[in-house]
Amino acid sequence: MTNLTKFEEVNESFTLAEAIQEAQRCLECKAPMCQRACPIENEIPSWIRELKKGNLGNAISIIRQKSNLPSICGRVCAHERQCEGACVLGRQGNAIRVGKLERFVADFDAEARLTHDNIPEHTRGRVAVIGSGPSGLTVAGDLSHMGFAVEIFEAEPHCGGVLRYGIPEYRLPKEVVAREVHHIQAMGVAIHRECSVGSGKSIDDLFSDGFDAIFIGTGLSHPNTLDIEGGNSKDVVWALHFLTKYQLFREGLADENEINVSKGHRVYVIGGGNTAIDAARTAVRLGARVEILYRKTAEQMPALKSEYEEAVSEGVGFRWMTNLKAVHCDSNGEMTDILVESQDLENGALKELTLSADRVILAIGSSPSTRLVRASNGVESDKGGYIITRESPYGMTSRKGVFAGGDVANRQSTVVHAMRDAKQVAVGIAKYIDAIKLVESL
Ligand SMILES: Cc1cc2nc3c(=O)[nH]c(=O)nc-3n(C[C@H](O)[C@H](O)[C@H](O)COP(=O)(O)OP(=O)(O)OC[C@H]3O[C@@H](n4cnc5c(N)ncnc54)[C@H](O)[C@@H]3O)c2cc1C
């Protein structure tokens, strides 16, 4: 088992020699499947070719043409399902470690400052971006490159959204997130922190302030719940709240008792995605005994195989085909045990089990908070609260000049899918502003 007293990053980086050696294995395929499998079509063989020759400045310049967040994608993308999963060398079980190479090049650039962005004049129009997760940062970075003046409005004290408050430090150090945010700021993007749009400033206020278009990239902050006996117990906690509190505690912004999980607790995490695994591994690091209960089989679990294996190696237990049926508490409201129903994998028989428990962490998905939409005239959402957008101009909502993208429009996804959507929305916003400016000038 790894040393879990440490919360530092668990996966080590390449050295320069290792990175070049790894790059030299690339076959430079004529029809590169790795690039096709990347949602933002990162030109992987081109920058790997530069890396082979030791031209790290050229390599990062090529990467940054497509991505504003390379040191983040290099760490948290589902490489085994995307670029590395498509690499022809993978057929012999030896795919190029594209993620680790991207991380290496981006980290090397951050230290050695190999490149300087050419910042265009920001005269094409003004855009307000609400939210600074991967979608907001991508829209801001791309529009800034295209010559728009961009200001981000972020509710929290730090930028990054789930990158900052959800994904734990041991997978994504917060200094890496801060570095990418700083890079976007250095391109001339202004950031207003602790500024929640909808409760203070409204979308109408932003238009009155002279913005030509507004992008909503507010993600999913409303956790889904389970309608079961005891489901509202104080010891049933939401994974994203648990992870956020833990991060705030590490930064000295929350008390230890607000984390809600401590040494010796018997913790059951409900779910089978990234969030469930992150919550379980964090609880293990806090000294809890942790099992994940998942309602389907191991093969059907959405979490990556590599993350599952790391969780197992750190001591997380798994029960498949298992549903939480009830949470039982004593007269003081303290959790005592849970009732679960498991299905036998062999014969399909159902059996009920009572397990002693101190905490349940729910990681069964989230949906958008409806506050901003309710406070914004003319922005429509569907029954689930997801903002409805159109194809042309891409990403525009039912209100003229207001655009949306990332998870708040497309349901829970991944960092790179939120980025892909945001890149298309940035093009939609540019077309929209150019058109209104043209009409105004007639
Ligand atoms: C625990 C966890 C682990 C994950 N792990 C991975 C992973 O390893 N790899 C991967 O690819 N994907 C992962 N994902 C999914 C990925 O993080 C999301 O798909 C992605 O962050 C969505 O980006 P977004 O910009 O749409 O929203 P978010 O990242 O949620 O950002 C939204 C931002 O908007 C701000 N905001 C909200 N309302 C307002 C308002 N009214 N005014 C101003 N600001 C506001 C929020 O504070 C936040 O900063 C994970 C998700 C979770 C929850």
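The rules behind the values
Residues numbered from 1 in each chain as written. Predicted model: local features only at pLDDT ≥ 70, side-chain atom pairs only at ≥ 80, totals over all residues. Heavy atoms only, no water. Phe/Tyr/Trp six-rings, centres within 6.5 Å; stacked < 30°, edge-to-face > 60°. Helix = DSSP H or I, 4+ residues; strand = E, 2+ residues; numbered from the N terminus. Buried < 20%, exposed > 50% of the residue type's maximum accessible area, 1.4 Å probe, protein only. Lys NZ or Arg CZ within 6 Å of the ring centre and 35° of its normal. Salt bridge = Lys/Arg side-chain N within 4 Å of Asp/Glu carboxyl O. Pairing = 2+ DSSP bridges. Axes fitted to C-alpha atoms, helices over the stretch in contact; angles between N-to-C directions. Contact = heavy atoms within 4.5 Å. Near = heavy atom within 4 Å. Polar contact = N/O pair within 3.5 Å; in protein donor to acceptor, adjacent residues only side chain to side chain. Areas by Shrake-Rupley, 256 points an atom, 1.4 Å probe, with all protein chains shown as cover. Nonpolar A, V, L, I, M, F, W, Y, C, P; charged D, E, K, R; others polar. Domains from an automatic or database assignment. Patch = residues over 30% accessible without salt bridge, like charges linked within 9 Å, V, L, I, M, F, W, Y side chains within 5 Å. Parallel < 35°, antiparallel > 145°, perpendicular 65-115°, else oblique. Core = buried A, V, L, I, M, F, W, Y, C linked by side-chain atoms within 4.5 Å.

### Comments concerning the packing of aromatic side chains
Okay, so step 1: Inspection of the entire model under this criterion finds six aromatic pairs.
Okay, so step 2: Taken together, a centroid distance of 5.6 Å and an interplanar angle of 45° make the contact between Phe104 and Phe108 tilted. With Phe104 and Phe108 both in helix α7 (residues 98-112) and four residues apart, the pair spans about one turn of that helix.
Okay, so step 3: Accessibility expressed as a relative area gives 29% for Phe108, which makes it partly exposed.
Okay, so step 4: Note on Tyr308 and Trp320: the rings are 5.8 Å apart at their centroids and 50° apart in plane angle, and the pair reads as tilted. Of this pair, Tyr308 sits in helix α14 (residues 305-313) while Trp320 sits in the loop between β9 (317-319) and β10 (322-329), placing them twelve residues apart in sequence.
Okay, so step 5: Chaining the aromatic ring pairs together yields one cluster made of Tyr308, Phe318 and Trp320.
Okay, so step 6: Over the ring of Tyr165 we find Arg164, and its NZ or CZ is 5.5 Å from the ring centre.
Okay, so step 7: A cation over a ring is seen here: Arg411 above Tyr386, with NZ or CZ 3.9 Å from the ring centre.

### Looking at unusual backbone geometry
Okay, so step 1: That bond from Ser392 to Pro393 is cis: its omega, -10°, falls within 30 degrees of zero.
Okay, so step 2: The topology assignment puts Pro393 in the loop between α15 (371-374) and β15 (402-404).
Okay, so step 3: The phi torsion at Glu28 lies on the positive side, around 50°, for a residue other than glycine.
Okay, so step 4: Structurally, Glu28 can be placed in the loop between α1 (16-23) and α2 (33-37).
Okay, so step 5: The phi torsion at Met321 lies on the positive side, around 50°, for a residue other than glycine.
Okay, so step 6: Inspection of the secondary structure puts Met321 in the loop between β9 and β10.
Okay, so step 7: Residue classification places Met321 among the buried positions, given a relative accessible area of 18%.

### A few points about the pattern of salt bridges
Okay, so step 1: Across all of its chains, the model carries 29 salt bridges by this definition.
Okay, so step 2: Glu334 is the partner of Lys234 in a salt bridge, and the nearest nitrogen-oxygen pair spans 3.4 Å. Residue Lys234 is located in the loop between β5 (222-223) and β6 (236-238), and its partner Glu334 is located in the loop between β10 and β11 (335-343); the two are separated by 100 residues in the primary sequence.
Okay, so step 3: Of the residues examined, Lys234 reaches a relative accessible area of 47% and is grouped as partly exposed.
Okay, so step 4: Residues Glu309 and Lys305 are paired through a salt bridge, measuring 3.3 Å at the closest nitrogen-oxygen approach.

### A word on the sheet that holds strand β13 (residues 359-362)
Okay, so step 1: Taken in spatial order, the five strands make up an open sheet running β6-β13-β7-β8-β9, and their pairing is parallel. Edge positions in the sheet fall to β6 and β9, since each has one partner strand and no second. Direction aside, neighbouring strands of the sheet carry axes that sit 25° apart on average.
Okay, so step 2: In the sheet, strand β8 (residues 289-293) pairs with β9 via three bridges, with the strands oriented parallel. Along β9, the bridge assignment pairs Glu291 with Gly317.
Okay, so step 3: This element, helix α12 (residues 239-250), spans β6 and β13 of the sheet and lies at about 75° to β6.

### A few points about the site of the ligand
Okay, so step 1: The environment of the ligand is formed by 32 residues, the closest being Val76, Ser135, Glu154, Arg171 and Val197.
Okay, so step 2: Take Pro134: an N or O atom from its main chain is 3.3 Å from an oxygen atom of the ligand.
Okay, so step 3: Contacts to the ligand include Ala155, whose backbone N or O atom sits 3.1 Å from a nitrogen atom.
Okay, so step 4: Within the complex, 92% of the 1000 Å² of free accessible area of the ligand lies under protein.
Okay, so step 5: Breaking the shell around the ligand down by element, the ones donating at least two residues are α8 (134-145), α12, α13 (274-285) and α17 (415-441).
Okay, so step 6: With three residues, the single largest contributor to the shell around the ligand is α13.
Okay, so step 7: Of the residues that constitute the shell around the ligand, the class distribution is 13 nonpolar, 14 polar and five charged.
Okay, so step 8: Looking at the shell around the ligand, you find at least three residues from each of domain 2 (126-221 + 368-441) and domain 3 (223-366).

### Overview of a nonpolar patch on the surface
Okay, so step 1: Taken together, Leu438, Val439 and Leu442 make up a surface patch of nonpolar side chains, about 380 Å² in accessible area.
Okay, so step 2: One can find Leu442 in the segment after α17.
Okay, so step 3: Judged by relative accessible area, Leu442 falls into the exposed class, the value being 82%.

### Here's the deal with the packing of helix α4 (residues 56-66) against α7
Okay, so step 1: Running from N to C, α4 and α7 point in directions that differ by 110°, and their axes come no closer than 10 Å. Judged on the interaxial angle alone, α7 and α4 are roughly perpendicular. Facing α4, whose interface residues are Leu56, Ala59, Ile60, Ile63 and Arg64, α7 presents Glu102, Phe104, Val105, Ala106, Phe108 and Asp109.
Okay, so step 2: Residue composition of the contact of α4 with α7, by class: eight nonpolar, no polar and three charged.

### Side note on the nonpolar core
Okay, so step 1: Trp47, Leu51, Ile72, Leu143 and Ile429 are the most contacted members of the largest nonpolar core, which has 67 residues in total.
Okay, so step 2: Among the elements that line this core, the one with the most residues is α17, at eleven residues.
Okay, so step 3: Mapped onto the domain boundaries, this core takes at least three residues apiece from domain 1 (16-112) and domain 2 (126-221 + 368-441).
Okay, so step 4: If we ignore the near neighbours within four places in the chain, the residues touching Leu51 are Ala19, Ile20, Ala23, Leu56, Ala59, Leu101, Phe104 and Val105.
Okay, so step 5: Among the nonpolar cores identified, the runner-up in size contains 29 residues, and Leu243, Val269, Met301 and Ala311 belong to it.

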